Amino acid sequence: MPQLSFHSPLGALTLSEEEGQIVSLDEGWGRDQSETPLLLKVRDMMQDYFDGEPVDFQSIPLMLDGTAYQKRVWAALRAIPHGQTRTYGDLAETVGGSPQSIGQAVARNPLLILIPCHRVLPSHGRGHGDYSGFEGAESKAFLLGLEQEASSS
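The structure presented is a predicted model; accordingly, all values stated were derived computationally and were not measured. The numbers attached to residues start from 1 for each chain and follow its sequence in the written order. Per-residue local features of the predicted model are confined to residues with pLDDT of at least 70, and side-chain atom pairs are confined, for both listing and counting, to 80 or more; whole-chain, interface and lining totals are unaffected and use all residues. Side-chain figures throughout are based on the complete set of non-hydrogen atoms in the structure, without hydrogens or water.

Draft legend 1. Geometry of the environment of methionine 45. Counting from the N terminus, the helices are DSSP H or I runs at least four residues long and the strands are E runs at least two residues long. Of note, methionine 45 is situated in helix 1 (residues 37-50). Residues methionine 45 and aspartate 56 lie 11 residues apart in sequence; the distance between their C-alpha atoms is 8.6 Å. Residues count as neighbours in contact if any of their non-hydrogen atoms are within 4.5 Å of one another. Not counting residues up to four positions away in its chain, the partners in contact with methionine 45 are Val55, Asp56, Phe57, Ser59 and Ile60.

This is how it looks when you write it as structure tokens:
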């Protein structure tokens, strides 16, 4: 499986590709490194993103392993525009289910940033909420701040 690692403000990240689709974005440096056109394209898009440019990741082909419901939630996450947020309740109204079931699907997101689950906030207004990736809520706040700066530029 081709992999390509790169440095980011969140630490080393490794993209993996299978059958012409991205299958994972993992923390850390991958053992095997391969430069495929897709991995190079996604790495460059991610570097632009971390440089503060608004990037739309919807064009990236993803291979997702999940239930039909999880895939609907992940598709709704991908549709949230750069620099904008939604609540778990907003997504429940769009996709169906409850805010809790949305939260469970969001927590199982296999491709952080590419499927922007950091754009989902609790409706109770207490901070940004949890984040299962990187350094948790601190990383979520960083990503939201990065997008807010890019949107206001």
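Still more to cover.
Draft legend 2. Summary view of the nonpolar core. Residues Ile22, Met46, Phe50, Leu77 and Leu114 are the most contacted members of the largest nonpolar core, which totals 39 residues. Of all the elements in the fold, those that place two or more residues in this core are strand 1 (3-8), strand 2 (11-18), strand 3 (21-27), helix 1, helix 2 (68-78), helix 3 (88-95), helix 4 (99-107) and helix 5 (137-152). Counting residues per element, this core draws most heavily on helix 1, at 7 residues. Put simply, a nonpolar core is a bunch of buried Ala, Val, Leu, Ile, Met, Phe, Trp, Tyr and Cys residues held in one set by side-chain atoms that sit within 4.5 Å of each other. Exposure is judged per residue with a 1.4 Å probe applied to protein chains only, and the accessible area is read against the type maximum: over 50% gives exposed, under 20% gives buried, and values in between give partly exposed.

Draft legend 3. Region of interest: helix 1. A helix is expected to span 1.5 Å for every residue after the first. In this model helix 1 runs 20 Å from its N-terminal to its C-terminal C-alpha over 14 residues, within 8% of the 20 Å that 1.5 Å per residue would give. Of the residues making up helix 1, those classed as buried are Leu38, Leu39, Val42, Arg43, Met45, Met46, Tyr49 and Phe50. Looking straight down helix 1, one finds that the buried residues subtend no more than 160 degrees of arc, so they occupy a single side. Count one or two residues on from helix 1 and you reach glycine 52, which has phi positive near 95 degrees. Here the arc refers to the directions that run from the helix axis out to each C-beta atom.

Draft legend 4. Broad picture of the sheet that holds strand 2. Two strands form a pair only when DSSP identifies at least two bridges running between them. Read across the sheet, 3 strands follow the order 1-2-3 without closing on themselves; strand pairing throughout is antiparallel. Sheet topology places strand 1 and strand 3 at the edges, where each strand pairs with a single neighbour. Direction aside, the axes of adjacent strands within the sheet are offset by 25 degrees on average. For strand 1 and strand 2, the ladder comprises 6 bridges, and the chain directions are antiparallel. Counterpart to phenylalanine 6 in the pairing with strand 2 is leucine 13. Every axis in this analysis is a line fitted to C-alpha atoms, fitted for helices over the stretch in contact. Angles between the N-to-C directions lie between 0 and 180 degrees.

Draft legend 5. Geometry of the packing of aromatic side chains. Between 30 and 60 degrees the pair is tilted, below 30 it is stacked and above 60 it is edge-to-face, where a pair is any two Phe, Tyr or Trp rings, Trp via its six-membered ring, whose centres lie within 6.5 Å. Taken as a whole and assessed by the stated rule, the structure comprises 2 aromatic pairs. When the centroid spacing of 5.4 Å and the interplanar angle of 75 degrees are considered together, the rings of tyrosine 49 and phenylalanine 50 count as edge-to-face. Note on accessibility: tyrosine 49 and phenylalanine 50 belong to one class, buried. Note on tyrosine 49 and phenylalanine 57: the rings are 5.6 Å apart at their centroids and 55 degrees apart in plane angle, and the pair reads as tilted. With relative accessibility at 1%, the residue tyrosine 49 sits in the buried group. Put simply, the rings of Tyr49, Phe50 and Phe57 touch in pairs and so form one group of aromatic residues.

Draft legend 6. Seen up close, the pairing of strand 1. In terms of residue burial, strand 1 counts as a mostly covered element, since 5 of its 6 residues are buried. Between the antiparallel neighbours strand 1 and strand 2 lie 2 residues.

Draft legend 7. Main features of unusual backbone geometry. Although it is not a glycine, glutamate 19 adopts a positive phi angle of roughly 50 degrees. Mapped onto the secondary structure, glutamate 19 falls in the loop between strand 2 and strand 3. Within the chain, isoleucine 113 stands out as a residue other than glycine whose phi angle is a positive 70 degrees. With a relative accessible area of 0%, isoleucine 113 lands in the buried category.

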